[in-house]
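Each chain is listed here by its residues.
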Amino acid sequence: MKAFIIGVSGAVGGLLARNLIDRGDDVAGLVRREEQRTDLSAQGVEAHVAQLADLTADSLAPMLTGADVVVYTAGSNGGKWEVTAAIDGEGVVKALEAARLAGVSRFVLVSVLPEAGREHDLGDDVEFYFAVKKLIDVTVSMSDLDWLILRPSLLVDRNGIGTVSLGPAQPHDEIPREDVAATLALLLHEPRIRRRILELTQGTTPIAWAVLANLP
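Described in the following lines is the structure provided in the data block.

Reading the values: the criteria
- Residues numbered from 1 in each chain as written.
- Predicted model: local features only at pLDDT ≥ 70, side-chain atom pairs only at ≥ 80, totals over all residues.
- Heavy atoms only, no water.
- Helix = DSSP H or I, 4+ residues; strand = E, 2+ residues; numbered from the N terminus.
- Rg over C-alpha atoms; globule rule 2.2 N^0.38 Å.
- Buried < 20%, exposed > 50% of the residue type's maximum accessible area, 1.4 Å probe, protein only.
- Contact = heavy atoms within 4.5 Å.
- Salt bridge = Lys/Arg side-chain N within 4 Å of Asp/Glu carboxyl O.
- Pairing = 2+ DSSP bridges.
- Right-handed = clockwise from strand over helix to strand, strands pointing away.
- Axes fitted to C-alpha atoms, helices over the stretch in contact; angles between N-to-C directions.
- Parallel < 35°, antiparallel > 145°, perpendicular 65-115°, else oblique.
- Left-handed = near helix turned anticlockwise from the far one by under 90°.
- Nonpolar A, V, L, I, M, F, W, Y, C, P; charged D, E, K, R; others polar.

## Looking at the overall build of the chain
Moving on, step 1. Secondary structure summary: the chain contains seven helices and eleven strands in total.
Moving on, step 2. Against the compact-globule benchmark of 17 Å for 216 residues, the chain has a radius of gyration of 16 Å, which places it among compact chains.
Moving on, step 3. Reported as C-alpha extents along the three principal axes, the dimensions of the chain are approximately 40 × 40 × 35 Å.
Moving on, step 4. Buried positions account for 51% of the 216 residues belonging to the chain.
Moving on, step 5. Across the chain, every contact between residues at least 6 apart in sequence was considered, and the portion connecting residues at least 24 apart equals 67%.

Rendered as structure tokens:
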């Protein structure tokens with residue numbers, strides 16, 4: 001399989017790339033700086049240097065040509081409104097259209113569990129982030145691509161444990177990024193799980209079993 005990861009230099013995107021390469025897959029992606037391209041190339045990732053905000057669907061599409069799936073892991077993490085709008089909003093719409101133009105039928109979006117952080121006063125920037133995430137989930141779900149949306153709970157940087165809870169609805173908790181990437185890698189290799197929104201958090205089910213449990 002060849003996967004094109006938008007956000008390949010990020011935490012989840014980078015972990016996903018290593019998972020896929022270890023499985024023998026080809027990985028390409030989009031990075032913002034030449035030094036990132038050099039570092040990723042050494043790991044076996046074919047990286048293209050460009051600012052997502054500066055690209056159009058037409059200019060992004062040639063980079064996606066030949067991919068089996070586009071995975072969108074980029075995100076603003078609730079930063080400034082203009083960054084959220086460009087990356088979590090317009091960027092996804094642009095990538096959807098570029099995938100269609102490039103003839104890539106599969107599109108996987110890493111979104112966010114809607115309840116994440118609701119026990120805190122999130123502030124206007126984060127509330128805007130959640131609103132954009134919800135609208136983009138709707139946009140992806142209405143596309144004619146073979147889409148999948150994964151909504152992880154609060155992301156943490158501790159070591160993954162290899163067990164999760166995965167399904168149409170999950171309680172808000174937290175989950176190591178390593179386990180998110182491992183789950184994504186298996187989902188990408190299970191094409192029967194399609195046109196679904198799945199929520200992901202820490203749990204006691206081995207990742208492979210959790211993925212199989214969501215087969216139609």
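## Side note on the pattern of salt bridges
Moving on, step 1. The final tally for this structure, using the stated rule, is eleven salt bridges.
Moving on, step 2. Taking the shortest distance from any N to any O, the salt bridge between D88 and K133 comes out at 3.0 Å. Taken together, the residues D88 in helix 4 (residues 81–102) and K133 in helix 5 (residues 123–141) connect sequence positions 45 residues apart.
Moving on, step 3. The exposure class assigned to D88 is buried, which follows from its relative accessible area of 1%.
Moving on, step 4. In this structure, E174 engages R158 in a salt bridge whose closest nitrogen and oxygen atoms are separated by 2.7 Å. Residue E174 is located in strand 9 (residues 174–176), and its partner R158 is located in the loop between strand 7 (154–156) and strand 8 (163–167); the two are separated by 16 residues in the primary sequence.
Moving on, step 5. Several salt bridges converge on common partners, so that one network encompasses D137, R151 and E199.

## Looking at the pairing of strand 2 (residues 26–31)
Moving on, step 1. Most of strand 2 is tucked away: five of the six residues are buried.
Moving on, step 2. As paired elements, strand 1 (residues 2–6) and strand 2 share five bridges and run parallel to each other. Bridged to A3 within strand 2 is V27.
Moving on, step 3. Each parallel crossover has a hand, and the one from strand 1 via helix 1 (residues 11–22) to strand 2 is right-handed.
Moving on, step 4. Of the pairings in the sheet, the one linking strand 2 to strand 3 (residues 45–49) comprises five bridges and is parallel in character. Each bridged residue has a counterpart across the sheet, and for G29 the counterpart in strand 3 is A47.
Moving on, step 5. You can see the chain leave strand 2, run along helix 2 (residues 34–42) and come back into strand 3, and the turn it takes is right-handed.

## Structural notes on the packing of helix 1 against helix 6 (residues 177–188)
Moving on, step 1. For the pair helix 1 and helix 6, interaxial distance at closest approach is 8 Å and the crossing angle is 50°. As summarised for this structure, helix 1 and helix 6 are arranged oblique, according to the angle between their axes. Viewed along their axes, helix 1 and helix 6 form a crossing whose handedness is right-handed. Two secondary-structure elements touch here, helix 1 through A11, V12, L15, L16, N19 and L20 and helix 6 through R177, E178, V180, A181, A182, L184, A185 and L188.
Moving on, step 2. Residue composition of the contact of helix 1 with helix 6, by class: eleven nonpolar, one polar and two charged.

## Some points on the sheet that holds strand 3
Moving on, step 1. Ordered in space as 3-2-1-4-5-6-10-8-11, the nine strands form an open sheet in which the pairing is mixed. Across the chains shown, the open sheet's two edge strands, defined by having one partner strand only, are strand 3 and strand 11 (205–206).
Moving on, step 2. Inspection of the sheet shows strand 5 (residues 106–110) paired to strand 6 (residues 146–152) by five bridges, in the parallel sense. From the neighbouring strand, V108 faces strand 6, where its bridge partner is L148.

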